[in-house]
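Here is how the chains run, residue by residue.
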Amino acid sequence: MNRKYQTSLLQPDIFGRQDEKEFLLKKLLGDDDDEPKVNQYNFSIVPIVGVGGIDEFDSFNISKIIFEATTTEEKKGREFKDLNLLQEALRDQLSGKRILLVLDDVWSENIEDWETLVPPFHAVAPGSKISITTRKKQLLQQLGNDNPYHLHKAITRRFGK
């Protein structure tokens, strides 16, 4: 499947993941008081290791997609000359807002990729979450997540109602 053409619109019901769904909802919606924060900023990371996204970690394109998804119609299509200008605009767009960002199927194991992407998210509201799904644990470990949630492979889909 070409991930470039995927959408956030709901697909038919998915079965066989109820326990995982409940666990992840608790992680995403909870306060994480029982777990240390990865950093001193307003967001925490929900790490997930599982099946296959982001084949190449391009901070500019990822930031642009997030900006386009969160901005008003008047600002959509805005051109940015460099990553700094884009990330300043993204920071302003997200400032003080509680967000849930899902970075799906991240293949990069390079901590510098993360450090380049994350600065705009330091301005988000407390309680924000960034979920990183990956097949590789190295980046998660570099971010201080030594115990990511592991998805199981079994899954069934029900088409129709």
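Located above this text is the structure these notes cover.
Computed from a predicted structure; not experimentally measured. (Residues numbered from 1 in each chain as written. Predicted model: local features only at pLDDT ≥ 70, side-chain atom pairs only at ≥ 80, totals over all residues. Heavy atoms only, no water.)

Any chance you could explain the nonpolar core here in plain terms?
One recurring pattern in soluble globular proteins: nonpolar side chains tend to sit buried together. Core analysis: the largest hydrophobic core is formed by 27 residues, its most contacted members being F43, L103, W114, F121, I130 and I132. Of all the secondary-structure elements, those providing two or more residues to this core are β2 (43–49), α2 (59–70), α3 (83–94), β3 (100–106), α4 (111–117), β4 (128–134) and α5 (138–142). Among the elements that line this core, the one with the most residues is α3, at 4 residues. Residue contacts for W114: discarding those within four places in its chain leaves F43, I45, F57, L103, I130, I132, L139 and L143. (Core = buried A, V, L, I, M, F, W, Y, C linked by side-chain atoms within 4.5 Å. Buried < 20%, exposed > 50% of the residue type's maximum accessible area, 1.4 Å probe, protein only. Helix = DSSP H or I, 4+ residues; strand = E, 2+ residues; numbered from the N terminus. Contact = heavy atoms within 4.5 Å.)

What is the right way to read unusual backbone geometry from this model?
The bulk of non-glycine residues show a negative phi, and the bulk of peptide bonds are trans. In this structure, D105 is a non-glycine residue whose phi angle is positive, near 60°. Following the sequence through the fold, D105 ends up in strand β3. For D105, a relative accessible area of 4% translates into the label buried.

Whenever I open this one, the packing of aromatic side chains confuses me. Can you help?
The geometry of an aromatic ring pair is captured by two quantities: the separation of the ring centres and the angle between the planes. Enumeration over the complete set of coordinates arrives at 1 aromatic pair. Plain terms: the ring middles of F67 and F80 are 5.2 Å apart, the flat faces sit at 85° to each other, and that makes the pair edge-to-face. Of the two residues, F67 sits in helix α2 while F80 sits in the loop between α2 and α3, which places them 13 residues apart along the sequence. (Phe/Tyr/Trp six-rings, centres within 6.5 Å; stacked < 30°, edge-to-face > 60°.)

I would appreciate a short explanation of the environment of G77 in the present structure.
Structurally, G77 is set in the loop between α2 and α3. For G77, a relative accessible area of 47% gives the class partly exposed. Between the alpha carbons of G77 and F67 there is a distance of 9.7 Å; along the sequence they are 10 residues apart. If sequence neighbours within four positions are ignored, G77 has contacts with K64 and E68.

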